[in-house]
Amino acid sequence: MRFRDSIFSRLLEPINRRQFQTAVDRLDGDAYDKSFKSWDHLVALIYAQLSGNNSLRAVVTGFNANPQHHYHLGTGRLSRSTLSDANTRRPSSIFAQTFARLSAMASRQLRGEGKEMVRLIDASPIPLGKVCTWAVWNGRIRGMKLHVVYDPKGDIPKCVEVTAANVNDIEIGRQTPIQAGTTYVFDKGYCRFDWWQKINDSKAFFVTRPKTSIRLRAVRHRTIRNSKGDGFRIIVDDEVKLTSKGDSRLPIPLRRIKVRRENGGVITLLTNDTTRTAVEIAALYKSRWQIELLFRWIKQHLDIRKFLGTNDNAIRLQVLAAMIAYLLLRIAARTNCIKMLPLRLAELVSQFLFTRRAFASIDKPPPINPSRRKCRTPLNQMELCYG
């Protein structure tokens, strides 16, 4: 009988084992756990995300219940104490580099599909409550923060950073590599004039909301030829300049666009893009909600609400494993031309994780056994049988 890998094994195929081991050797990731290698650790945490198990005991029990798959996964039997120790000591940089390689692979699959590049930048809090007494309080929550640079066209997280909850969003945003011709969309939490200047000098664009403390003066009113958008209407489109002390530090063209939404609220947008129409710029900022949906999907359908450890390193590892699992699902869906919703695909994968079947037919019933004798008698005809 022809051998067929499990769904889980197929999902892990995009991870290059040789590159992964190179990163492990460079970071000395197996220094403290000689028997429980970094690959075993990565597979275990990805399994925890895809299976929905949210405790160490459940992860170990579920994984060890399928020993016939361990050889083909390149792993061995799990131990709860060993997994807990590895969560505490193994460097999270190994998982971060694995995520970066998978993100680059997913981006290469989309090459040539469109020239216009858009990046959404945002951060989401990770509440840890009173269990993690070491977590920092930022005035709203006690926990950590997940920073993401997201490609909405490809549904791909490009960069991921996990920090303490009191780290300002702009401190991580300023570390984002700027690509010429790309439009960066972010909210008013990323207000920093020198960063806006860097984006403009790199021949890139930004769309954001200004803080109320920023003083702007209109220097020219632009003609609004088309004011109607999807769920909003343009009411003002002006070229503006700063009238505060920041004027000398921001010598770049600025546009202020005021948008009235269907619910009656008015928002103000600020951009250095002078070529797009006001409707296109407002639609770009509206697309920022896609990254909010990404945060919601990951928190609801991957386990980063309940953690397998209570220390800083364990939480970082689990968050990175969740982002890796998300990328693996997106790569598998694109490779196998699966058009179903990501939620339904994640549900099916969790049910068929250790099933040996083709990934492309994960939503189809198993084929009928051709060796079984078919009934030659029509259903509406009596058949004579000897007892």
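Please read all numbers here as calculations on a predicted model, not as lab measurements.

Asks: Honestly, the overall build of the protein in this entry has me stumped. Any pointers?
Replies: Across its full length, the protein holds 13 helices and 11 strands. Within the protein, the fraction of its 387 residues that count as buried is 48%. Counting only contacts in the protein whose residues sit at least 6 apart along the sequence, the fraction spanning at least 24 positions is 61%. With an accessible surface of roughly 20,900 Å², the protein has 50% of that area assigned to carbon and sulfur atoms.

Asks: What is the right way to read the packing of aromatic side chains from this model?
Replies: Any two aromatic rings considered together are summarised by their centre-to-centre distance and by the angle between their planes. Going through the model one piece at a time under the given rule, you end up with 13 aromatic pairs. Both rings, one in F20 and one in W39, keep their centres 5.6 Å apart while their planes meet at 75°; by these two values the pair is edge-to-face. Linking F20 in helix α2 (residues 17–27) with W39 in helix α3 (residues 38–51), this pair joins segments that are 19 residues apart in sequence. When the centroid spacing of 5.5 Å and the interplanar angle of 70° are considered together, the rings of Y47 and F63 count as edge-to-face. Residue Y47 is found in helix α3, and its partner F63 is found in helix α4 (residues 56–64); the two are separated by 16 residues along the sequence. Overall, Y47 belongs to the buried group, its relative accessible area being 5%. The rings of F186, Y190, F193, W195, W196 and F206 are connected pair by pair, giving a single aromatic cluster. The positively charged end of R17 is found above the aromatic ring belonging to W39, 4.1 Å away from the centroid. Above the plane of the ring of F352 lies R357, whose end atom (NZ or CZ) is 4.7 Å from the centre.

Asks: What is the right way to read helix α13 (residues 342–351) from this model?
Replies: Note that an α-helix has 3.6 residues per turn; residues three or four places apart therefore point the same way. Those residues of α13 that sit buried are L345, A346, L348 and V349. All buried residues of α13 project into a common sector of 165° when viewed along the axis, lining one side. If you follow the buried residues of α13, they end up packed against α1 (7–12), α3, α11 (289–301) and α12 (312–335).

Asks: I keep staring at the environment of I126 and nothing clicks. Help me out?
Replies: Relative to the helices and strands, I126 is located in strand β1 (residues 117–127). Residue classification places I126 among the buried residues on the basis of a relative accessible area of 2%. Between the alpha carbons of I126 and I315 there is a distance of 9.7 Å; along the sequence they are 189 residues apart.

Asks: Even after reading the chapter, I still don't get the packing of α11 against α12, so can you show me in this structure?
Replies: Packed helix pairs are characterised by how far apart their axes lie and by the angle those axes make with each other. In contact at an axis separation of 11 Å, α11 and α12 are set at 105° when each is read in the N-to-C sense. The orientation of α11 with respect to α12, classified from their angle, is roughly perpendicular. Packed against α11, whose contacting residues are L294, W297 and I298, the element α12 presents M323, Y326 and L329 at the interface. Of the residues that constitute the contact of α11 with α12, the class distribution is six nonpolar, no polar and no charged.

Asks: Can you help me understand the pattern of salt bridges in this one?
Replies: If you walk through the whole model with that rule in mind, you get 20 salt bridges. The residue E13 makes a salt bridge to R10 at a minimum N-O spacing of 3.4 Å. By relative accessible area, R10 is classed as partly exposed at 36%. Across the pair D230 and K286 runs a salt bridge whose closest N-O atoms are separated by 3.7 Å. Pair noted here: D230 is in the loop between β8 (228–229) and β9 (232–242) and K286 is in helix α10 (residues 278–286), with a separation of 56 residues, a long-range link.

Asks: Just checking my understanding: could you explain the pairing of strand β10 (residues 254–261) for this structure?
Replies: A regular strand carries its side chains on alternate faces of the sheet. Relative to β10, β9 is paired through eight bridges, and the arrangement is antiparallel. Residue V240 lies in a different strand from β10, and its bridge partner there is L254. Where β10 lies against strand β11 (residues 266–271), six bridges are found, and the strand directions are antiparallel. Across the sheet, the residue bridging to K258 is T268, located in β11. Linking two consecutive strands that pair antiparallel, namely β10 and β11, is a turn of four residues; a positive phi of about 100° is found at G264 within it.

Asks: Got a minute to help me understand the packing of α3 against α12 in this structure?
Replies: Where α3 contacts α12, the axes come no closer than 9 Å and their chain directions differ by 70°. Here α3 is positioned roughly perpendicular relative to α12, judged by the angle of their axes. From α3, H41, L42, L45, I46, Q49 and L50 reach across to α12, where they touch L317, Q318, A321, A322, I324, A325, L328 and L329.

Procedures and definitions
- Residues numbered from 1 in each chain as written.
- Predicted model: local features only at pLDDT ≥ 70, side-chain atom pairs only at ≥ 80, totals over all residues.
- Heavy atoms only, no water.
- Helix = DSSP H or I, 4+ residues; strand = E, 2+ residues; numbered from the N terminus.
- Buried < 20%, exposed > 50% of the residue type's maximum accessible area, 1.4 Å probe, protein only.
- Contact = heavy atoms within 4.5 Å.
- Areas by Shrake-Rupley, 256 points an atom, 1.4 Å probe, with all protein chains shown as cover.
- Phe/Tyr/Trp six-rings, centres within 6.5 Å; stacked < 30°, edge-to-face > 60°.
- Lys NZ or Arg CZ within 6 Å of the ring centre and 35° of its normal.
- Arc of directions from axis to C-beta.
- Axes fitted to C-alpha atoms, helices over the stretch in contact; angles between N-to-C directions.
- Parallel < 35°, antiparallel > 145°, perpendicular 65-115°, else oblique.
- Nonpolar A, V, L, I, M, F, W, Y, C, P; charged D, E, K, R; others polar.
- Salt bridge = Lys/Arg side-chain N within 4 Å of Asp/Glu carboxyl O.
- Pairing = 2+ DSSP bridges.

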